[in-house]
Amino acid sequence: MNDYYEYLHTVGFEETDMEGTVYFVNYVRWQGRCREMFLQDKAPEVLEEIQGDLKLFTLKVGCEFFADTAAFDEVSVRMRLEEMTQTQIGFAFDYMLLNDGEEQLVARGQQRIACMRGPNQDTQPAMVPASLRNALEKYSAELAATAQDASDSEASNQTISG
């Protein structure tokens, strides 16, 4: 199992600039789309809460670019859980250009959101919903590394004792 949630995207002409490369703001849009699709696929209960009074406020977003992408490129946006506190979540994103079985890292991004509840005039910080917390824990690079270390250790113990 991957330690990331993957959103596959085909670049359209409307996402490019006059030189034919993807305009930078689209990478941020893809982060949002990846996060939305994660909610739909892995935590649909959270979407129901959003229809109520749960709000997911984006506090910080960023992206570092390494290579250009263009119209009709296939891009894999890979989201990982970077950090989770009681009320906030930090995500990391890798943007991989997919081409004939090859992958190239073209950008890396991050995003921090806060969970809030209440009417717009009196919104207050809220705990990350349990359903979201549970869905995200599978995509933590740290947890995946810990699980791999445990698996490697178990395999070594079997080799030594067997």
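Refer to the structure printed above.
Residues numbered from 1 in each chain as written. Predicted model: local features only at pLDDT ≥ 70, side-chain atom pairs only at ≥ 80, totals over all residues. Heavy atoms only, no water.

**Q** Could you clarify how one ought to interpret the nonpolar core in this entry?
**A** Most often, soluble globular proteins have nonpolar side chains that are buried together. Counting residues in hydrophobic clusters, the biggest one holds 32 residues, and the most contacted among them are F38, Y95 and L132. At the level of secondary structure, the elements contributing two or more residues to this core comprise β1 (5–10), α1 (25–42), β2 (54–65), β3 (74–84), β4 (88–99), β5 (102–117) and α3 (130–137). Per element, the largest residue contribution to this core is 6 residues, and it comes from α1. Once residues lying within four places of it in the same chain are set aside, the contact partners of L132 are F38, L39, A43, V46 and I89. (Core = buried A, V, L, I, M, F, W, Y, C linked by side-chain atoms within 4.5 Å. Buried < 20%, exposed > 50% of the residue type's maximum accessible area, 1.4 Å probe, protein only. Helix = DSSP H or I, 4+ residues; strand = E, 2+ residues; numbered from the N terminus. Contact = heavy atoms within 4.5 Å.)

**Q** Help me out: how do you make sense of the pattern of salt bridges in this one?
**A** Side-chain pairs of opposite charge can arise where the charged atoms are in close proximity. According to the stated counting rule, one finds 10 salt bridges in the structure shown. Put simply, E103 and R78 hold a salt bridge, and the shortest N to O gap is 2.7 Å. Placement of the pair is E103 in strand β5 and R78 in strand β3, with a sequence separation of 25 residues. The exposure class assigned to E103 is partly exposed, which follows from its relative accessible area of 47%. As a salt-bridge pair, R80 and D94 come within 2.9 Å of each other at their nearest N and O atoms. Here R80, found in strand β3, pairs with D94, found in strand β4; they are 14 residues apart in sequence, far enough to count as distant. Here the salt bridges do not stand alone but share partners, grouping D3, R80, D94 and R108 into one network. (Salt bridge = Lys/Arg side-chain N within 4 Å of Asp/Glu carboxyl O.)

**Q** What is the right way to look at the side chain of E15 in this model?
**A** When you line up the elements, E15 lands in the loop between β1 and α1. On the basis of relative accessibility, which here comes to 3%, the residue E15 falls in the buried class. A polar contact of 2.9 Å, which involves the side chain of E15, links it to the side chain of W30. Not counting residues within four places of it along the chain, the set of residues in contact with E15 comprises H9, T10, T21, V22, Y23, N26, R29 and W30. (Polar contact = N/O pair within 3.5 Å; in protein donor to acceptor, adjacent residues only side chain to side chain.)

**Q** When you look at the packing of α1 against helix α2 (residues 44–51) in this model, what are you seeing that I'm missing?
**A** Two numbers describe a pair of packed helices, the interaxial angle and the distance between the axes. Running from N to C, α1 and α2 cross one another at 110°; their axes reach a closest spacing of 5 Å. Taken together, α1 and α2 sit at an angle that is classed as roughly perpendicular. Contacts between α1 and α2 involve L39, Q40 and K42 on the former and, on the latter, P44, V46, L47 and I50. Tallied by class, the residues present in the contact of α1 with α2 amount to 5 nonpolar, 1 polar and 1 charged. (Axes fitted to C-alpha atoms, helices over the stretch in contact; angles between N-to-C directions. Parallel < 35°, antiparallel > 145°, perpendicular 65-115°, else oblique. Nonpolar A, V, L, I, M, F, W, Y, C, P; charged D, E, K, R; others polar.)

**Q** Explanation requested: the environment of R35 in the structure shown.
**A** Looking at the element boundaries, R35 is found in helix α1. Sequence separation between R35 and Q111 is 76 residues, and the spatial gap between their C-alpha atoms is 9.9 Å. Among residues more than four places away in sequence, those in contact with R35 are T58, M79, F91, Q111 and I113.

**Q** How should the packing of α1 against α3 be read in this particular structure?
**A** Packing of α1 against α3 brings their axes to within 11 Å, and their N-to-C directions diverge by 105°. With respect to α3, the element α1 is oriented roughly perpendicular. Note on element contacts: α3 touches α1 through L132, A135 and L136, opposite F38, L39 and K42. Partitioning the contact of α1 with α3 into residue classes produces 5 nonpolar, no polar and 1 charged.

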